[in-house]
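Observations on chain architecture
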Amino acid sequence: MLPPVDLGAALRALLILPRAEQPHAVRALLARLPPPAAEEPWNTAFGPDSLYHAFTRCSVARGLHGANRAVLRPLFDARPGFRVVEVGGGDGTLWAGLLRPDDTGEIVVVDPHPDGAAGVRRLAPPGVRVHHLVVPVQDAALPEADAVVCSLVLHHVAGADAAARAAVGLAGTGKAEALAAFRAAIAPRDGRVLLNEADVYCDLGLAPGDPVLTDRLLDSYVRRFSVSLAHDLATRTDADAALRARWTAIVRDWSLAQVGLAGAAAYADRDVYELDVVSWLGLVGRAGLTVVERRFTDRWLLFHQYVLSAGA
Ligand SMILES: C[S@@+](CC[C@H](N)C(=O)[O-])C[C@H]1O[C@@H](n2cnc3c(N)ncnc32)[C@H](O)[C@@H]1O
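Reference entry: report on the structure contained in this document. (Residues numbered from 1 in each chain as written. Predicted model: local features only at pLDDT ≥ 70, side-chain atom pairs only at ≥ 80, totals over all residues. Heavy atoms only, no water.)

Side note on the overall build of the chain
Along its length, the chain carries 10 helices and 7 strands. Relative to a compact globule of 312 residues, whose C-alpha radius of gyration would be 20 Å, the chain shows 19 Å and is just as compact. Considering only C-alpha atoms, the chain reaches an extent of 55 × 45 × 30 Å along its principal axes. Counting only residues that meet the buried cut, the chain has 52% of its 312 residues in that class. (Helix = DSSP H or I, 4+ residues; strand = E, 2+ residues; numbered from the N terminus. Rg over C-alpha atoms; globule rule 2.2 N^0.38 Å. Buried < 20%, exposed > 50% of the residue type's maximum accessible area, 1.4 Å probe, protein only.)

Regarding the pairing of strand 7 (residues 303–309)
The buried count for strand 7 comes to 7 of 7 residues, which makes it a mostly enclosed element. Residues of strand 7 alternate between two faces, with Phe303, Gln305, Val307 and Ser309 on one and His304, Tyr306 and Leu308 on the opposite face, all of them buried. Both strand 5 (residues 192–198) and strand 7 contribute to a ladder of 6 bridges, which runs antiparallel. Residue pairing in the sheet places Leu195 in a bridge with Tyr306 of strand 7. (Pairing = 2+ DSSP bridges.)

Structural notes on the layout of surface pockets
Roughly 660 Å³ of volume is contained in the largest pocket. Secondary-structure elements contributing two or more residues to the lining of the largest pocket are helix 3 (51–55), helix 4 (59–78), strand 1 (82–87), strand 5 and helix 8 (211–235). Take the lining of the largest pocket: its biggest share by element is 3 residues, from helix 8. Split into classes, the residues belonging to the lining of the largest pocket amount to 18 nonpolar, 15 polar and 5 charged. Here the lining of the largest pocket spans two domains, since at least three of its residues come from each of domain 1 (7–34 + 205–269) and domain 2 (59–203 + 273–309). As a volume, the second largest pocket reaches approximately 500 Å³. In this structure, the second largest pocket is lined by 27 residues; those nearest its centre are Leu7, Leu233, Arg244, Thr248 and Ala249. Counting only elements with at least two residues in the lining of the second largest pocket, the list comes to helix 1 (7–15), helix 8 and helix 9 (241–260). (1 Å grid on protein atoms, 1.4 Å probe; cavity = no way out; pocket = protein on both sides within 12 Å on 5 of 7 lines; lining within 4 Å. Points joined across faces, edges and corners; volume = space filled by probe spheres on them. Nonpolar A, V, L, I, M, F, W, Y, C, P; charged D, E, K, R; others polar. Domains from an automatic or database assignment.)

Quick word on the packing of aromatic side chains
Across all of its chains, the model carries 8 aromatic pairs by this definition. Seen in terms of ring centroids, Phe46 and Tyr52 are 5.4 Å apart; in terms of plane orientation they differ by 80°. Their pairing is edge-to-face. Measuring from ring centre to ring centre gives 3.9 Å for Phe76 and Phe82, while their planes differ by 10°; the resulting arrangement is stacked. With relative accessibility at 2%, the residue Phe76 sits in the buried group. The class of Phe82 is buried, set by a relative accessible area of 1%. Grouped by ring-pair contacts, the aromatic residues Trp42, Phe46, Tyr52, Phe55, Phe225 and Trp254 constitute a single cluster. (Phe/Tyr/Trp six-rings, centres within 6.5 Å; stacked < 30°, edge-to-face > 60°.)

Have a look at this one:
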């Protein structure tokens with residue numbers, strides 16, 4: 001039986017090491033943390049007991065969803081009968097406290113997971129219809145819309161575009177083609193795209209095994225995300241024992257373990273393909289989208305929100 005680990009103290013000890021020594025310290029910390037009762041890879045379960053549901057209760061996720069609600073609510077008020085495309089539904093947390101009983105409109109969820117629209121379906125009032133396109137965004141024909149919300153999804157799509165993918169032997173389209181499809185969807189209605197992504201570069205420009213890739217993953221998943229969860233564990237009085245256990249499991253399985261994937265043998269085996277803010281700005285410009293506003297949505301400067309229009 002492993003002794004309990006004080007996660008905050010362990011992370012503090014790790015983060016004062018020279019950066020080149022931190023990957024080894026991450027592996028050592030992983031070995032000290034107890035394995036969870038059950039494995040739950042990212043994006044495989046969204047029910048009330050899932051790790052995903054626990055993720056939506058942590059501070060960085062709350063900041064992100066709150067910032068998206070603050071943009072969407074005035075849009076819904078101004079446009080009764082709105083149509084929103086939500087790319088990647090997760091557990092539907094965005095919609096809690098956002099939709100009102102007398103709202104009318106339509107939400108089109110694009111998500112290859114069969115439960116990807118279950119959360120929003122539960123929360124939608126009678127006047128809001130929910131459709132589910134059970135396909136990845138790369139394969140979806142998007143309808144015109146007042147808003148396209150794409151929160152924490154495009155980092156699952158490897159590569160800036162089809163050419164960047166082809167260069168490393170991957171077929172299909174990348175992020176730029178998805179952004180162009182979002183622009184085409186909002187242009188007829190002068191709508192908005194809401195994009196949320198972490199500010200970190202770990203896309204195909206860094207080859208498997210590159211120490212820079214390891215350092216970038218460590219930067220977002222350990223120096224920012226794990227630290228934010230350790231802060232939640234130390235300060236959030238609203239979290240019961242079950243939620244705290246799931247946050248600890250998230251640190252272990254979805255955060256510290258992520259650093260090990262930098263050494264994966266193939267480009268396709270990486271779990272995430274994220275971009276930093278500068279790279280996103282270049283890509284959204286290339287897709288003909290204009291930044292209306294943007295900001296970090298948490299105090300750890302992990303997640304960035306981009307509000308985009310199709311206009312010049
Ligand atoms: C990290 S969750 C984000 C959920 C939600 N947007 C949020 O901000 O909480 C990612 C979601 O995107 C879905 N997803 C993963 N790859 C996708 C793809 N290529 N196209 C559309 N959805 C995808 C997953 O099934 C999951 O529901």
